[in-house]
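Residues per chain, in single letters:
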Amino acid sequence: MDDFTVMISAEGAQSLYEMQKALVESQQRILDANEALKKITEEVSDDLGTYKLRTEEIISMTTKAAERGSTAVNTLSTNLGKVADWIMTKIS
């Protein structure tokens, strides 16, 4: 493996903080959108006819996937913050 040099800067750390924030916000938007879809589906359930059960199954699958993804997003977000913090201590 070749040696390499890594340039660190306050701007790079700031980008990591922004990415950290964006990840958390994106995950929350996914969860919120899924809840909105669930609510709308409940409101129009009588009109869905034969599609009601399948729609509810899809929403349930999406909810479970989003919840599993939340753990990974939180871990990644935390690690991004730690790296950004480390960079800030090194350039101070």
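Residues numbered from 1 in each chain as written. Predicted model: local features only at pLDDT ≥ 70, side-chain atom pairs only at ≥ 80, totals over all residues. Heavy atoms only, no water.

(A) Broad picture of the packing of helix 1 (residues 10-43) against helix 3 (residues 52-91). Following both chains from N to C, one finds helix 1 and helix 3 inclined at 165°, their axes separated by 8 Å at the closest point. Classified by the interaxial angle, the pair formed by helix 1 and helix 3 is roughly antiparallel. For the element pair helix 1 and helix 3, the recorded crossing hand is left-handed. (Axes fitted to C-alpha atoms, helices over the stretch in contact; angles between N-to-C directions. Helix = DSSP H or I, 4+ residues; strand = E, 2+ residues; numbered from the N terminus. Parallel < 35°, antiparallel > 145°, perpendicular 65-115°, else oblique. Left-handed = near helix turned anticlockwise from the far one by under 90°.)

(B) The arrangement of the nonpolar core in detail. Counting residues in hydrophobic clusters, the biggest one holds five residues: A13, L16, L80, A84 and I87. For this core, the secondary structure elements donating two or more residues are helix 1 and helix 3. Of the residues forming this core, the biggest block, three residues, is contributed by helix 3. When near neighbours in sequence (up to four residues on either side) are disregarded, A84 contacts A13, L16 and Y17. (Core = buried A, V, L, I, M, F, W, Y, C linked by side-chain atoms within 4.5 Å. Buried < 20%, exposed > 50% of the residue type's maximum accessible area, 1.4 Å probe, protein only. Contact = heavy atoms within 4.5 Å.)

(C) Looking closely at the confidence of the model for the chain. Residues of the chain with pLDDT of at least 70 account for 99%, and the chain-wide mean is 91. Across the chain, helix 1 holds the top mean pLDDT of 94, while helix 2 (residues 45-48) sits lowest at 91. (pLDDT = per-residue confidence, 0-100.)

(D) Molecular detail of a nonpolar patch on the surface. Together, F4, V6, I8, W86, M88 and I91 make up a nonpolar patch on the protein surface, roughly 580 Å² of accessible area in all. Following the sequence through the fold, I8 ends up in the segment before helix 1. Judged by relative accessible area, I8 falls into the partly exposed class, the value being 34%. (Patch = residues over 30% accessible without salt bridge, like charges linked within 9 Å, V, L, I, M, F, W, Y side chains within 5 Å. Areas by Shrake-Rupley, 256 points an atom, 1.4 Å probe, with all protein chains shown as cover. Salt bridge = Lys/Arg side-chain N within 4 Å of Asp/Glu carboxyl O.)

(E) The pattern of salt bridges, seen in detail. Within this structure, the stated rule accounts for two salt bridges. E25 is paired through a salt bridge with K21; the nearest N and O atoms lie 3.8 Å apart. Within this pair, E25 and its partner K21 are both found in helix 1, separated by four residues, close to a single helical turn. For E25, a relative accessible area of 37% gives the class partly exposed. Exposure remark for K21: the relative accessible area of 52% places this residue in the exposed category. Two residues, R54 and E57, come together in a salt bridge whose shortest N-O distance is 3.2 Å. Highlighted residues: R54 and E57, both in helix 3, separated by three residues, approximately one helical turn. When its relative accessible area of 44% is taken as the criterion, R54 is described as partly exposed.

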